[in-house]
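Residue-level structure breakdown
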Amino acid sequence: MCPGSFDPVTNGHLDIINRAAKLYDELFVAVFVNPSKAGLFSLDERMEMLAEVTGHLPNVSVTSFQGLTVDFCRTHGVGIIVKGVRAVSDFDYELQMAQMNYGLEGVETLFMPTNPLYSFLSSSLVKDVAKWGGDIDGHVPAPVAARLVARMGGE
């Protein structure tokens, strides 16, 4: 599984999803629901965008979950979590999560280094650029860019 908030999905996320889809017969892209955090896009919108931009991958299923990632893994028979790592700071945090997930349920974590083209990219950064009218083309898929511009009140 590839878990995340995907608010919104970026080309960096898609790079990891595309690469992971080549490694596994079935891949869940699971949108994490955090009730204490209001996202820019609703859960349904994030899932719609992900379904649209991963539609060419027949082995990818877009779903959502709330709670512990390992609970989702247990329920769905998932043994591996795939995480993209942009920098050492990502790795420090993700390593702790991976060790906890392995300790709780024996779920392995595969770290994939992000394509250098996307090493700086985050959903938060894309939202900030869109908010101020900056060019987000090349950072998010076209359908996501259109929704972002519309949501931010742009053209």
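Here the structure is a predicted model, which is why all the values come from computation and not from measurement.

Glancing now at the overall build of the protein chain. What the protein chain contains, in helices and strands, is 6 helices and 5 strands. When the helices and strands of the protein chain are listed from N to C terminus, the series reads β-α-β-α-β-α-β-α-β-α-α. Its C-alpha atoms give the protein chain a radius of gyration of 15 Å, within 12% of the compact-globule value 15 Å for 155 residues. Here the protein chain, with 155 residues, has 40% of them falling under the buried criterion.

Turning to the side chain of Ser123, a few remarks are in order. Tracing the chain through its elements places Ser123 in helix α5 (residues 123-131). Other than its neighbours up to four places away in sequence, Ser123 contacts Asp7, Pro8, Thr10 and His13.

What follows is about the packing of helix α2 (residues 43-53) against helix α6 (residues 142-151). For the pair α2 and α6, the least separation of the axes is 10 Å and the interaxial angle reads 150°. Relative to α6, the element α2 lies roughly antiparallel. On α6, the residues touching Glu45, Glu48, Met49, Glu52 and Val53 of α2 are Pro143, Val144, Arg147 and Arg151. Its residues assigned to classes, the contact of α2 with α6 comprises 4 nonpolar, no polar and 5 charged.

Turning our eyes to something else, we now look at unusual backbone geometry. Cis peptide bonds are those with omega within 30 degrees of zero, and the linkage from Asp7 to Pro8 qualifies with 0°. Position of Pro8 among the secondary structure elements: in the loop between β1 (2-4) and α1 (11-23). Positioned with a positive phi, Phe6 is a non-glycine residue whose angle comes to about 50°. For Phe6, the position within the fold is in the loop between β1 and α1. By relative accessible area, Phe6 is classed as buried at 3%.

Taking 1.5 Å of rise per residue, 13 residues should cover 18 Å, and α1 covers 19 Å from first to last C-alpha, within 8% of that figure. Within α1, burial applies to Asn11, Gly12, Leu14, Asp15, Ile16, Ile17, Ala20 and Ala21. The secondary structure elements touched by the buried residues of α1 are β1, β2 (27-32), α2, β3 (60-65), β4 (80-85) and β5 (108-113). Two to three positions downstream of the cap, the backbone nitrogen of Gly12 sits 3.2 Å from a side-chain oxygen, assigning the N-cap of α1 to Thr10.

Bridge count between β4 and β5: 6 bridges; the pairing is parallel. Directly across from Lys83, in β5, lies its bridge partner Phe111. On the question of chirality, the crossover connecting β4 to the parallel β5 by way of helix α4 (residues 88-105) is right-handed.

Rules of the game
- Residues numbered from 1 in each chain as written.
- Predicted model: local features only at pLDDT ≥ 70, side-chain atom pairs only at ≥ 80, totals over all residues.
- Heavy atoms only, no water.
- Helix = DSSP H or I, 4+ residues; strand = E, 2+ residues; numbered from the N terminus.
- Rg over C-alpha atoms; globule rule 2.2 N^0.38 Å.
- Buried < 20%, exposed > 50% of the residue type's maximum accessible area, 1.4 Å probe, protein only.
- Contact = heavy atoms within 4.5 Å.
- Axes fitted to C-alpha atoms, helices over the stretch in contact; angles between N-to-C directions.
- Parallel < 35°, antiparallel > 145°, perpendicular 65-115°, else oblique.
- Nonpolar A, V, L, I, M, F, W, Y, C, P; charged D, E, K, R; others polar.
- Expected span 1.5 Å × (residues − 1).
- Polar contact = N/O pair within 3.5 Å; in protein donor to acceptor, adjacent residues only side chain to side chain.
- Pairing = 2+ DSSP bridges.
- Right-handed = clockwise from strand over helix to strand, strands pointing away.

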